[in-house]
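# Architecture and fold: a report
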Amino acid sequence: SDLKGLILSSPSNPTGATLSADELQKLAETCSSKGVKFISDEIYHHIVYGDEKSASAVDLDGALVINSFSKYFSMTGWRIGWLVLPKNDPSLSGAIERLQQNLFINAPHVSQIAAA
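Everything in this summary refers to the structure shown in the same document. (Residues numbered from 1 in each chain as written. Predicted model: local features only at pLDDT ≥ 70, side-chain atom pairs only at ≥ 80, totals over all residues. Heavy atoms only, no water.)

## Description of the sheet that holds strand S4 (residues 81–84)
Neighbouring strands of a sheet are bound in pairs by backbone hydrogen bonds; such pairs are parallel or else antiparallel. Test applied: Pairing between two strands requires that DSSP report at least two bridges joining them. Secondary structure elements follow DSSP: runs of H or I of four or more residues count as helices, runs of E of two or more count as strands, with numbering from the N terminus. In this analysis, axes come from line fits to C-alpha atoms, helices being fitted only over the stretch in contact, and the angle between any two N-to-C directions falls in the range 0 to 180 degrees.
Spatially, four strands are ordered S1-S2-S3-S4 in an open sheet, and the strand pairing comes out mixed. The open sheet has two edge strands with one neighbour each: strand S1 (5–9) and S4. Pairs of neighbouring strands in the sheet enclose a mean axial angle of 15 degrees, with direction left out of account. Examined bridge by bridge, S1 and strand S2 (residues 37–41) share five bridges and lie parallel to one another. Among the inter-strand pairings, Ser9 is bridged to a residue of S2, identified as Asp41.

## Looking at the nonpolar core
Short version of the rule: To qualify as a nonpolar core, a set must consist of buried Ala, Val, Leu, Ile, Met, Phe, Trp, Tyr and Cys residues joined through side-chain atoms within 4.5 Å. The classification of residues rests on relative accessible area computed with a 1.4 Å probe and restricted to protein chains. Under 20% of the type maximum is buried, over 50% is exposed, and intermediate values are partly exposed. The contact criterion used is simple: two residues touch if any of their non-hydrogen atoms lie within 4.5 Å.
Core analysis: the largest hydrophobic core is formed by eleven residues, namely Leu8, Leu24, Ala28, Cys31, Val36, Phe38, Ala55, Ala57, Leu60, Ala63 and Val65. Mapped by element, the contributors of at least two residues to this core are helix H1 (21–33) and strand S3 (63–68). A per-element tally of this core places H1 first, with three residues. Contact partners of Ala55, with chain neighbours within four places excluded, come to Leu19, Ser20, Ala21, Leu24, Glu42 and His45. Ranked by size, the runner-up nonpolar core spans five residues in total, among them Phe69, Met75, Ile80 and Ala107.

## Overview of the packing of aromatic side chains
We apply this condition: What counts as a ring pair is set by centres within 6.5 Å for rings of Phe, Tyr and Trp (its six-membered ring), and what kind of pair is set by the plane angle: stacked under 30 degrees, edge-to-face over 60, tilted for all other angles.
Evaluation of the coordinates by the stated rule reveals two aromatic pairs. When the centroid spacing of 5.3 Å and the interplanar angle of 45 degrees are considered together, the rings of Phe69 and Phe73 count as tilted. On the numbers, 5.1 Å between centres and 70 degrees between planes, the contact of Phe69 with Trp82 is edge-to-face. Linking Phe69 in the loop between S3 and S4 with Trp82 in strand S4, this pair joins segments that are 13 residues apart in sequence. Among the aromatic side chains, those forming a connected cluster through ring pairs are Phe69, Phe73 and Trp82.

Structure (structure tokens):
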């Protein structure tokens, strides 16, 4: 297969649909078994309707997790976020570092202070 990665947004915008922890686990396992990187976009994490909590892929083997302060902490436009890489894939750290060096200069000073 030519598929190298799968990006999932949960909760998704604009519907707020979420996957359960069990569904995330199964999806991550399927990706792993097929050699596909599982990337969980959790920018809207904790922004859900009702009492149901949103699950995170941060503890799943092999998952990459993207998150930020933008939505949940009402810092839209401040450009402060993070990426969690799997421990068992050191090849990703060099690639992500090169990507980061070419995409971002730095977040505004006030954003860094507010996020700290």
